[in-house]
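Understanding the architecture of this molecule
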Amino acid sequence: MWGSSPHFDNCLMTILKQDKADGLEIEYKGDWYPVKPMEDCIVVNIGTLMEHLSDGNAKAVYHRVKNTDDRLRCAWPVFLAPNLNRDMTQMIDLKRRVKLKINTAKALRFHKRGWYKFNTFEKSETAIFAKIIV
Ligand SMILES: O=C(O)CCC(=O)C(=O)O
Ligand SMILES: [Fe+2]
């Protein structure tokens, strides 16, 4: 059963606790690799916003989840993102800002992979907690 189709997390980074059931996979150069749950370990995923702000130096990880286990699978991701009322444009190099024609009010196209809007969230959450059961 698919828990999550392939996607990037649209945040700075995700901190993920898995339970004992397999299922999380990451894509690397066209192949999919399992991320086995390990006791007392957390997974840290780079999100699209981090890739963008680092000018591509930190790569967002493309991942998917399929419960291949007989058991129920439970995962607890915490998505870390800035308060989106905050103007993040100052964090982007000036030359790139000009190239991307970013200003604070504009929606920003993010590579070809997805998009992230600055200044659009009305509430100021910095971490979104989810519990995902597949
Ligand atoms: O279930 C998982 O291990 C990861 C879930 C996930 O990719 C997400 O919530 O963005
Ligand atoms: Fe994810």
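For the protein chain, the name recorded in an unreviewed UniProt entry is Oidioi.mRNA.OKI2018_I69.PAR.g12829.t1.cds, with Oikopleura dioica as its organism.

**A few points about the nonpolar core**
Core analysis: the largest hydrophobic core is formed by 6 residues, namely L16, L24, V35, V43, V65 and A75. Apart from residues lying up to four places away in sequence, V35 is in contact with Q18, L24, E25, I26 and V43.

**Examining the coordination of the iron ion (ligand 2)**
Within the protein, H7 (NE2), D9 (OD) and H63 (NE2) serve as the donor atoms for the iron ion (ligand 2), at 2.0 to 2.2 Å. Between the donor residues of the iron ion (ligand 2), the gaps in sequence give the motif H-x1-D-x53-H. A residue pair is termed long-range when its members are at least 10 positions apart, and D9 in the loop between β1 (2–7) and β2 (13–18) and H63 in strand β6 (residues 63–66) qualify at 54 residues. For D9, a relative accessible area of 7% translates into the label buried.

**A word on the pattern of salt bridges**
Opposite charge on two side chains lets them pair, provided their charged atoms get close. Per the stated rule, a full pass over the model turns up 2 salt bridges. The residue D22 makes a salt bridge to K36 at a minimum N-O spacing of 3.3 Å. Here D22, found in the loop between β2 and β3 (24–28), pairs with K36, found in the loop between β4 (31–34) and β5 (43–46); they are 14 residues apart in sequence, far enough to count as distant.

**Quick look at the packing of aromatic side chains**
Under the defined criterion, the tally for this structure stands at 2 aromatic pairs. Measuring from ring centre to ring centre gives 4.7 Å for F8 and Y62, while their planes differ by 35°; the resulting arrangement is tilted. Of this pair, F8 sits in the loop between β1 and β2 while Y62 is found in the loop between α1 (48–53) and β6, placing the two residues 54 residues apart along the sequence. Among the residues examined, F8 registers a relative accessible area of 17% and is labelled buried. A relative accessible area of 29% means that Y62 is categorised as partly exposed. A ring pair is formed by W32 and Y62, whose centres lie 5.8 Å apart and whose planes are at 35°; its orientation type is tilted. With W32 in strand β4 and Y62 in the loop between α1 and β6, this pair connects stretches of sequence that are 30 residues apart. Each member of the aromatic cluster is reached from another via a ring pair, and the members are F8, W32 and Y62.

Thresholds applied
- Residues numbered from 1 in each chain as written.
- Chains lettered and ligands numbered in written order.
- Predicted model: local features only at pLDDT ≥ 70, side-chain atom pairs only at ≥ 80, totals over all residues.
- Heavy atoms only, no water.
- Core = buried A, V, L, I, M, F, W, Y, C linked by side-chain atoms within 4.5 Å.
- Buried < 20%, exposed > 50% of the residue type's maximum accessible area, 1.4 Å probe, protein only.
- Contact = heavy atoms within 4.5 Å.
- Donors = N, O, S within 2.8 Å, 3.2 Å for Na, K, Ca; no water.
- Helix = DSSP H or I, 4+ residues; strand = E, 2+ residues; numbered from the N terminus.
- Salt bridge = Lys/Arg side-chain N within 4 Å of Asp/Glu carboxyl O.
- Phe/Tyr/Trp six-rings, centres within 6.5 Å; stacked < 30°, edge-to-face > 60°.

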